[in-house]
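If you want the building blocks of each chain, they are given just below.
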Amino acid sequence: THLILGASLHYISKKGFSIAGQFVYEGRDAKKIPADYEPHGLIYTGPPFVFITSGALLLGKVYQDDSKLIRFDLKAGINYGKIERPINFEKKHSSSLLFAGDYYTNDIERKWFAGLVVNPTVNFNLTKNFGLSLGIRTNINHQDITAGGEIGLLLGDLRGKINQ
């Protein structure tokens with residue numbers, strides 16, 4: 001299971017260059033958990049998660065078709081963020097009235113990283129001020145590598161002229 005939520009601001013110059021600032025929050029199932037791990041408590045929370053929070057600055061080149069309806073934004077840049085992983089699982093036993101049985105506790109390891117982001121997108125400018133974006137986002141750093149598809153909403157002056 002993997003979930004990525006993000007927000008970004010983009011500027012596209014008349015010469016077809018783009019600059020973007022992004023904030024991204026990622027969550028996914030942890031890979032290294034005990035084989036007999038079972039969630040505990042009154043509310044099922046699922047397996048432990050790895051969380052990645054990062055901010056990025058990207059530069060790119062935009063290519064637009066003559067109708068101004070479709071734009072290709074090929075961008076990449078640097079990012080900085082934090083990875084939080086569950087570690088040191090410890091099995092415990094409880095005999096309380098609400099929950100009786102074995103369960104695990106764990107610590108959280110927090111590490112900071114700097115890395116590379118590659119984020120090409122195809123933008124469909126449906127109206128002058130609204131559109132959809134489809135793309136791929138890859139985060140490469142010394143701690144982890146993540147990649148996934150993205151779907152976004154575009155708001156702003158979308159059909160401005162770009163001199164290519």
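Preceding this paragraph is the structure being described.
Below: a short report on this structure. (Residues numbered from 1 in each chain as written. Predicted model: local features only at pLDDT ≥ 70, side-chain atom pairs only at ≥ 80, totals over all residues. Heavy atoms only, no water.)

1. Section: the packing of aromatic side chains
Argument step 1. Taken as a whole and judged by the stated rule, the model has three aromatic pairs.
Argument step 2. With a centroid separation of 5.8 Å and an interplanar angle of 20°, the aromatic rings of Tyr 25 and Phe 51 are classed as stacked. Taken together, the positions of Tyr 25 in strand S2 (residues 17-29) and Phe 51 in strand S3 (residues 49-64) put the pair 26 residues apart, joining distant regions of the chain.
Argument step 3. You can call Tyr 25 partly exposed: its relative accessible area is 35%.
Argument step 4. An angle of 15° between the planes, with centres 5.7 Å apart, marks the rings of Tyr 80 and Trp 112 as stacked. (Phe/Tyr/Trp six-rings, centres within 6.5 Å; stacked < 30°, edge-to-face > 60°. Helix = DSSP H or I, 4+ residues; strand = E, 2+ residues; numbered from the N terminus. Buried < 20%, exposed > 50% of the residue type's maximum accessible area, 1.4 Å probe, protein only.)

2. Section: the layout of surface pockets
Argument step 1. Of the voids in this model, the largest pocket is the one considered here, and its volume is about 960 Å³.
Argument step 2. In terms of lining, the largest pocket is formed by 37 residues, of which the most central are Ser 8, His 10, Ser 133, Leu 153 and Leu 154.
Argument step 3. Per element, the largest residue contribution to the lining of the largest pocket is nine residues, and it comes from strand S1 (residues 2-12).
Argument step 4. For the lining of the largest pocket, the residue count by class is 13 nonpolar, 16 polar and eight charged.
Argument step 5. Estimated volume of the second largest pocket: approximately 200 Å³.
Argument step 6. Considering the residues around the second largest pocket, the lining is formed by Arg 28, Ala 30, Lys 31, Lys 32, Val 50, Arg 85, Pro 86, Ile 87, Gln 143 and Asp 144.
Argument step 7. The element that contributes the greatest number of residues to the lining of the second largest pocket is strand S4 (residues 70-95), accounting for three residues.
Argument step 8. Of the residues that constitute the lining of the second largest pocket, the class distribution is four nonpolar, one polar and five charged. (1 Å grid on protein atoms, 1.4 Å probe; cavity = no way out; pocket = protein on both sides within 12 Å on 5 of 7 lines; lining within 4 Å. Points joined across faces, edges and corners; volume = space filled by probe spheres on them. Nonpolar A, V, L, I, M, F, W, Y, C, P; charged D, E, K, R; others polar.)

3. A word on the pairing of S4
Remember that side chains alternate between the two faces of the sheet whenever the strand is regular.
Argument step 1. Across 14 bridges, the pairing between S3 and S4 is antiparallel. When the bridges of S4 are listed, Leu 57 appears paired with Ile 78.
Argument step 2. Counting the residues that bridge the hairpin from S3 to S4 gives five residues, and of these Lys 68 lies at a positive phi of roughly 65°. (Pairing = 2+ DSSP bridges.)

4. Some thoughts on the pairing of strand S6 (residues 121-124)
Argument step 1. Side chains of S6 alternate between two faces, with Thr 121 and Asn 123 buried and Val 122 and Phe 124 left unburied.
Argument step 2. Summarising the sheet, S6 and strand S7 (residues 130-141) pair through four bridges and their orientation is antiparallel. Pairing of Val 122 across the sheet is with Leu 134, part of S7.
Argument step 3. Two successive antiparallel strands, S6 and S7, enclose a turn made up of five residues.

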